[in-house]
Amino acid sequence: MSRKDLLLDIQDLQVSIENNIILENFNLKVKKGEIHAIMGTNGSGKSTFSKVIAGHPAYSILKGNILFNEKSILEISPEERSHLGIFLAFQYPIEIPGVSNEDFLRLSYNAKQRFFNKPELDPIQFLQIVTEKMKLVNMSPSFLNRNVNEGFSGGEKKRNEILQMILLNPDICILDETDSGLDIDALKIISKGINNFMNQDKGIILITHYQRLLDYINPKYVHVMQKGKIIKTGSLELAKELEKKGYQQLFETS
Ligand code: ADP
Ligand code: MG
(Lines give C-alpha, C1' and ligand atoms only; values in the text may rest on other atoms or scores of the structure.)
(Ligands and ions follow the chains in the order given, each with its own letter.)
Protein backbone atom coordinates (compact mmCIF):
# COMPACT_ATOMS: atom_id res chain seq x y z
CA MET A 1 0.00 0.00 0.00
CA SER A 2 1.41 3.41 -0.92
CA ARG A 3 1.78 6.28 1.51
CA LYS A 4 -1.06 8.02 -0.32
CA ASP A 5 -3.40 5.55 1.33
CA LEU A 6 -2.41 6.80 4.76
CA LEU A 7 -5.14 9.15 5.98
CA LEU A 8 -4.15 9.81 9.53
CA ASP A 9 -0.69 9.31 11.01
CA ILE A 10 -0.30 10.08 14.69
CA GLN A 11 3.31 9.99 15.73
CA ASP A 12 4.55 9.73 19.30
CA LEU A 13 2.06 12.23 20.62
CA GLN A 14 2.42 13.71 24.08
CA VAL A 15 -0.47 15.91 25.21
CA SER A 16 -1.19 17.82 28.41
CA ILE A 17 -4.03 19.83 29.87
CA GLU A 18 -3.41 22.22 32.75
CA ASN A 19 0.05 20.70 33.29
CA ASN A 20 -1.29 17.13 33.50
CA ILE A 21 0.07 14.79 30.86
CA ILE A 22 -2.89 12.84 29.47
CA LEU A 23 -1.52 11.22 26.31
CA GLU A 24 2.00 9.85 26.01
CA ASN A 25 3.73 7.76 23.34
CA PHE A 26 0.47 7.72 21.44
CA ASN A 27 0.86 6.24 17.95
CA LEU A 28 -1.84 5.34 15.44
CA LYS A 29 -2.03 5.02 11.67
CA VAL A 30 -5.35 4.89 9.81
CA LYS A 31 -5.40 4.03 6.11
CA LYS A 32 -8.16 4.66 3.64
CA GLY A 33 -10.87 2.04 3.86
CA GLU A 34 -10.07 1.09 7.45
CA ILE A 35 -12.31 1.08 10.52
CA HIS A 36 -10.47 1.10 13.85
CA ALA A 37 -12.05 0.61 17.24
CA ILE A 38 -10.52 2.09 20.37
CA MET A 39 -11.52 0.63 23.71
CA GLY A 40 -10.16 1.28 27.17
CA THR A 41 -11.01 1.96 30.77
CA ASN A 42 -12.63 5.22 31.85
CA GLY A 43 -10.10 8.01 32.03
CA SER A 44 -7.56 6.29 29.75
CA GLY A 45 -7.56 9.30 27.39
CA LYS A 46 -9.94 8.27 24.60
CA SER A 47 -11.94 11.50 24.52
CA THR A 48 -8.74 13.52 24.93
CA PHE A 49 -7.33 11.82 21.85
CA SER A 50 -10.47 12.62 19.83
CA LYS A 51 -10.54 16.28 20.91
CA VAL A 52 -6.84 16.73 20.15
CA ILE A 53 -7.35 15.48 16.58
CA ALA A 54 -10.26 17.90 16.16
CA GLY A 55 -8.08 20.74 17.44
CA HIS A 56 -9.58 21.54 20.85
CA PRO A 57 -7.64 24.58 22.11
CA ALA A 58 -7.48 23.49 25.77
CA TYR A 59 -4.87 20.81 25.09
CA SER A 60 -1.14 21.42 24.59
CA ILE A 61 0.84 19.18 22.29
CA LEU A 62 4.23 18.80 23.90
CA LYS A 63 5.70 16.27 21.52
CA GLY A 64 4.96 14.36 18.33
CA ASN A 65 2.94 15.12 15.25
CA ILE A 66 -0.45 14.53 13.64
CA LEU A 67 -0.38 14.10 9.88
CA PHE A 68 -3.57 14.15 7.86
CA ASN A 69 -3.11 13.28 4.19
CA GLU A 70 0.65 13.55 4.78
CA LYS A 71 0.53 17.12 6.14
CA SER A 72 0.90 18.19 9.74
CA ILE A 73 -2.32 19.68 11.10
CA LEU A 74 -0.87 20.98 14.37
CA GLU A 75 -1.01 24.60 13.23
CA ILE A 76 -4.43 24.32 11.57
CA SER A 77 -7.56 25.70 13.27
CA PRO A 78 -10.44 23.39 14.27
CA GLU A 79 -12.69 24.99 11.60
CA GLU A 80 -10.17 24.37 8.86
CA ARG A 81 -9.55 20.81 10.05
CA SER A 82 -13.28 20.25 9.72
CA HIS A 83 -13.36 21.70 6.20
CA LEU A 84 -10.37 19.57 5.22
CA GLY A 85 -12.31 16.45 6.17
CA ILE A 86 -11.78 15.67 9.85
CA PHE A 87 -14.96 15.01 11.80
CA LEU A 88 -15.56 14.35 15.49
CA ALA A 89 -18.86 13.12 16.85
CA PHE A 90 -18.82 14.20 20.50
CA GLN A 91 -19.31 11.85 23.41
CA TYR A 92 -21.53 14.57 24.89
CA PRO A 93 -23.09 16.58 22.02
CA ILE A 94 -23.70 20.16 23.09
CA GLU A 95 -27.05 21.93 23.03
CA ILE A 96 -27.17 25.29 21.27
CA PRO A 97 -30.23 27.19 22.47
CA GLY A 98 -31.55 29.81 20.07
CA VAL A 99 -30.08 28.20 16.95
CA SER A 100 -32.32 25.97 14.88
CA ASN A 101 -30.90 22.65 13.82
CA GLU A 102 -31.70 23.50 10.21
CA ASP A 103 -29.75 26.78 10.32
CA PHE A 104 -26.86 25.13 12.13
CA LEU A 105 -26.61 22.32 9.60
CA ARG A 106 -26.94 24.66 6.62
CA LEU A 107 -24.34 27.10 7.95
CA SER A 108 -21.87 24.25 8.58
CA TYR A 109 -22.53 22.84 5.14
CA ASN A 110 -22.15 26.22 3.42
CA ALA A 111 -19.00 27.08 5.37
CA LYS A 112 -17.38 24.03 3.84
CA GLN A 113 -18.71 24.88 0.37
CA ARG A 114 -17.25 28.39 0.73
CA PHE A 115 -13.89 27.01 1.83
CA PHE A 116 -13.65 25.06 -1.42
CA ASN A 117 -15.04 27.93 -3.53
CA LYS A 118 -18.15 25.93 -4.28
CA PRO A 119 -21.64 27.42 -4.53
CA GLU A 120 -23.56 27.76 -1.28
CA LEU A 121 -27.06 26.34 -1.05
CA ASP A 122 -30.07 28.49 -0.30
CA PRO A 123 -32.51 27.30 2.38
CA ILE A 124 -34.82 25.64 -0.14
CA GLN A 125 -32.05 23.74 -1.90
CA PHE A 126 -30.58 22.73 1.44
CA LEU A 127 -33.90 21.51 2.79
CA GLN A 128 -34.14 19.07 -0.07
CA ILE A 129 -30.71 17.60 0.64
CA VAL A 130 -31.03 17.47 4.41
CA THR A 131 -34.43 15.78 4.38
CA GLU A 132 -33.00 13.05 2.12
CA LYS A 133 -30.06 12.53 4.48
CA MET A 134 -32.34 12.47 7.54
CA LYS A 135 -34.06 9.41 6.16
CA LEU A 136 -30.71 7.58 6.39
CA VAL A 137 -30.77 7.96 10.18
CA ASN A 138 -34.55 7.67 10.63
CA MET A 139 -34.93 11.28 11.79
CA SER A 140 -38.18 13.11 11.33
CA PRO A 141 -37.97 16.50 9.55
CA SER A 142 -39.49 18.01 12.71
CA PHE A 143 -35.97 17.94 14.19
CA LEU A 144 -34.95 20.69 11.75
CA ASN A 145 -37.08 23.34 13.42
CA ARG A 146 -35.91 22.55 16.93
CA ASN A 147 -32.86 24.15 18.51
CA VAL A 148 -29.63 22.17 18.11
CA ASN A 149 -29.83 19.17 20.44
CA GLU A 150 -32.04 21.07 22.91
CA GLY A 151 -34.31 18.60 24.64
CA PHE A 152 -33.16 15.81 22.31
CA SER A 153 -32.96 12.40 23.95
CA GLY A 154 -29.53 10.76 24.17
CA GLY A 155 -30.26 8.66 21.10
CA GLU A 156 -31.61 11.62 19.13
CA LYS A 157 -28.44 13.62 19.87
CA LYS A 158 -26.30 10.77 18.62
CA ARG A 159 -28.38 10.45 15.45
CA ASN A 160 -28.01 14.18 14.92
CA GLU A 161 -24.20 13.77 15.11
CA ILE A 162 -24.34 11.08 12.44
CA LEU A 163 -26.57 13.31 10.31
CA GLN A 164 -23.91 16.05 10.52
CA MET A 165 -21.28 13.53 9.53
CA ILE A 166 -23.24 12.37 6.49
CA LEU A 167 -23.92 15.97 5.41
CA LEU A 168 -20.33 17.17 5.77
CA ASN A 169 -18.95 14.05 4.13
CA PRO A 170 -15.57 14.01 5.94
CA ASP A 171 -12.64 11.67 5.15
CA ILE A 172 -11.77 10.70 8.68
CA CYS A 173 -14.40 10.36 11.39
CA ILE A 174 -13.86 9.86 15.07
CA LEU A 175 -17.02 8.70 16.78
CA ASP A 176 -16.66 9.05 20.55
CA GLU A 177 -19.01 6.58 22.22
CA THR A 178 -21.68 7.20 19.63
CA ASP A 179 -23.25 3.92 20.76
CA SER A 180 -23.46 4.73 24.47
CA GLY A 181 -26.97 4.93 25.83
CA LEU A 182 -28.64 3.71 22.65
CA ASP A 183 -31.38 1.12 22.67
CA ILE A 184 -30.95 -1.77 20.28
CA ASP A 185 -33.11 -0.25 17.50
CA ALA A 186 -31.26 3.07 17.62
CA LEU A 187 -27.95 1.19 17.62
CA LYS A 188 -28.98 -0.62 14.44
CA ILE A 189 -30.05 2.62 12.76
CA ILE A 190 -26.80 4.38 13.65
CA SER A 191 -24.71 1.40 12.57
CA LYS A 192 -26.53 1.27 9.24
CA GLY A 193 -25.88 5.00 8.75
CA ILE A 194 -22.19 4.54 9.48
CA ASN A 195 -21.84 1.47 7.27
CA ASN A 196 -23.59 3.21 4.36
CA PHE A 197 -21.31 6.18 4.78
CA MET A 198 -18.08 4.16 4.88
CA ASN A 199 -16.18 3.51 1.66
CA GLN A 200 -12.68 2.80 0.37
CA ASP A 201 -11.61 6.46 0.58
CA LYS A 202 -12.61 7.04 4.19
CA GLY A 203 -11.42 6.07 7.62
CA ILE A 204 -13.41 5.68 10.81
CA ILE A 205 -12.26 5.49 14.41
CA LEU A 206 -14.92 4.16 16.76
CA ILE A 207 -14.41 4.77 20.44
CA THR A 208 -16.58 2.32 22.32
CA HIS A 209 -16.95 0.35 25.52
CA TYR A 210 -19.11 -2.33 24.04
CA GLN A 211 -18.49 -5.21 21.72
CA ARG A 212 -22.23 -4.88 20.86
CA LEU A 213 -21.51 -2.06 18.36
CA LEU A 214 -18.84 -4.19 16.74
CA ASP A 215 -21.46 -6.83 15.94
CA TYR A 216 -22.84 -4.32 13.43
CA ILE A 217 -19.72 -2.45 12.36
CA ASN A 218 -16.71 -4.55 11.60
CA PRO A 219 -13.40 -2.91 12.51
CA LYS A 220 -10.15 -4.07 10.97
CA TYR A 221 -8.28 -3.33 14.19
CA VAL A 222 -9.23 -3.10 17.83
CA HIS A 223 -6.92 -1.05 20.05
CA VAL A 224 -6.90 -0.92 23.80
CA MET A 225 -5.87 2.28 25.56
CA GLN A 226 -4.52 2.55 29.02
CA LYS A 227 -2.93 5.55 30.74
CA GLY A 228 -2.82 7.66 27.61
CA LYS A 229 -1.50 5.21 25.07
CA ILE A 230 -2.41 2.19 22.99
CA ILE A 231 -1.11 -0.82 24.85
CA LYS A 232 -2.55 -3.59 22.70
CA THR A 233 -3.82 -3.97 19.14
CA GLY A 234 -5.71 -6.92 17.76
CA SER A 235 -8.68 -7.99 15.70
CA LEU A 236 -12.34 -8.26 16.64
CA GLU A 237 -11.30 -11.23 18.77
CA LEU A 238 -9.63 -8.83 21.19
CA ALA A 239 -12.93 -7.00 21.75
CA LYS A 240 -14.68 -10.29 22.38
CA GLU A 241 -12.03 -11.34 24.84
CA LEU A 242 -12.30 -8.00 26.64
CA GLU A 243 -16.07 -8.36 26.88
CA LYS A 244 -15.64 -11.78 28.46
CA LYS A 245 -12.76 -11.14 30.80
CA GLY A 246 -12.62 -7.39 31.41
CA TYR A 247 -9.49 -5.28 31.24
CA GLN A 248 -7.92 -6.38 34.49
CA GLN A 249 -8.04 -10.08 33.83
CA LEU A 250 -7.04 -9.76 30.19
CA PHE A 251 -3.88 -7.89 31.04
CA GLU A 252 -2.99 -10.03 34.01
CA THR A 253 -3.06 -13.17 31.88
CA SER A 254 -1.45 -11.78 28.74
P1 ADP B 1 -11.82 8.68 28.51
O2 ADP B 1 -12.54 9.33 27.37
O3 ADP B 1 -10.92 7.56 28.07
O4 ADP B 1 -12.74 8.21 29.60
P5 ADP B 1 -10.69 11.32 28.94
O6 ADP B 1 -9.88 11.58 27.74
O7 ADP B 1 -12.01 11.98 29.03
O8 ADP B 1 -10.82 9.73 29.17
O9 ADP B 1 -9.85 11.74 30.22
C10 ADP B 1 -8.50 11.29 30.41
C11 ADP B 1 -7.95 11.81 31.71
O12 ADP B 1 -7.73 13.22 31.59
C13 ADP B 1 -8.87 11.63 32.90
O14 ADP B 1 -8.11 11.16 33.98
C15 ADP B 1 -9.37 13.04 33.16
O16 ADP B 1 -9.68 13.24 34.52
C17 ADP B 1 -8.19 13.87 32.74
N18 ADP B 1 -8.56 15.27 32.41
C19 ADP B 1 -9.43 15.70 31.50
N20 ADP B 1 -9.55 17.04 31.53
C21 ADP B 1 -8.72 17.46 32.50
C22 ADP B 1 -8.37 18.73 33.05
N23 ADP B 1 -8.92 19.86 32.59
N24 ADP B 1 -7.45 18.76 34.03
C25 ADP B 1 -6.90 17.64 34.50
N26 ADP B 1 -7.17 16.42 34.05
C27 ADP B 1 -8.06 16.32 33.06
MG1 MG C 1 -14.54 9.59 26.92
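The text that follows walks through the structure, step by step, so that each part is easy to find. All of these numbers come straight from a predicted model, not from anything done at the bench.

1. Here's the deal with the site of ligand 1
In the vicinity of ligand 1, the residues found are I17, E18, N20, I22, T41, N42, G43, S44, G45, K46, S47 and T48. K46 is positioned such that a nitrogen or oxygen atom in its side chain is 2.8 Å from an oxygen atom of ligand 1. Out of a free accessible area of 570 Å², ligand 1 has 63% covered by protein chains. Top element by residues in the shell around ligand 1 is helix α1 (residues 46–54). It accounts for three residues. Residue composition of the shell around ligand 1, by class: two nonpolar, eight polar and two charged.

2. As for the coordination of the magnesium ion (ligand 2)
S47 (OG) and Q91 (OE1) make up the full set of protein donors to the magnesium ion (ligand 2), lying at 2.1 to 2.3 Å. Highlighted residues: S47 in helix α1 and Q91 in the loop between β6 (86–89) and β7 (96–100), separated in sequence by 44 residues. In this structure, S47 and Q91 share a single accessibility class: buried.

3. Observations concerning the environment of P119
Of note, P119 is situated in the loop between α3 (101–115) and α4 (123–136). Overall, P119 belongs to the exposed group, its relative accessible area being 63%. In this structure, the C-alpha to C-alpha distance between P119 and M134, residues 15 residues apart in sequence, is 22 Å.

4. Some points on the sheet that holds strand β2 (residues 20–31)
Read across the open sheet, the four strands follow the order β2-β1-β4-β5; overall the sheet is antiparallel. Only two strands of the sheet have a single neighbouring strand rather than two, namely β2 and β5 (71–72).

5. Focus on the sheet that holds strand β12 (residues 229–234)
Reading across the sheet, the six strands line up as β6-β9-β10-β3-β11-β12 and stay open at both edges, with mixed pairing between neighbours. Looking at strand neighbours, the two that pair on one side only are β6 and β12, the edges of this open sheet. Across this sheet, the average inter-strand angle for adjacent strands is 20°, counted without regard to direction. As defined by bridge partners, strand β3 (residues 35–40) adjoins strand β11 (residues 221–226) across five bridges and the pair is classed as parallel. Bridging from a neighbouring strand, H36 pairs with Y221 of β11. Sitting on the sheet, α1 touches β3, β6, β9 (172–176), β10 (203–207) and β11, and the angle it makes with β9 is about 145°.

What counts and what doesn't
Residues numbered from 1 in each chain as written. Chains lettered and ligands numbered in written order. Predicted model: local features only at pLDDT ≥ 70, side-chain atom pairs only at ≥ 80, totals over all residues. Heavy atoms only, no water. Near = heavy atom within 4 Å. Polar contact = N/O pair within 3.5 Å; in protein donor to acceptor, adjacent residues only side chain to side chain. Areas by Shrake-Rupley, 256 points an atom, 1.4 Å probe, with all protein chains shown as cover. Helix = DSSP H or I, 4+ residues; strand = E, 2+ residues; numbered from the N terminus. Nonpolar A, V, L, I, M, F, W, Y, C, P; charged D, E, K, R; others polar. Donors = N, O, S within 2.8 Å, 3.2 Å for Na, K, Ca; no water. Buried < 20%, exposed > 50% of the residue type's maximum accessible area, 1.4 Å probe, protein only. Pairing = 2+ DSSP bridges. Axes fitted to C-alpha atoms, helices over the stretch in contact; angles between N-to-C directions. Contact = heavy atoms within 4.5 Å.

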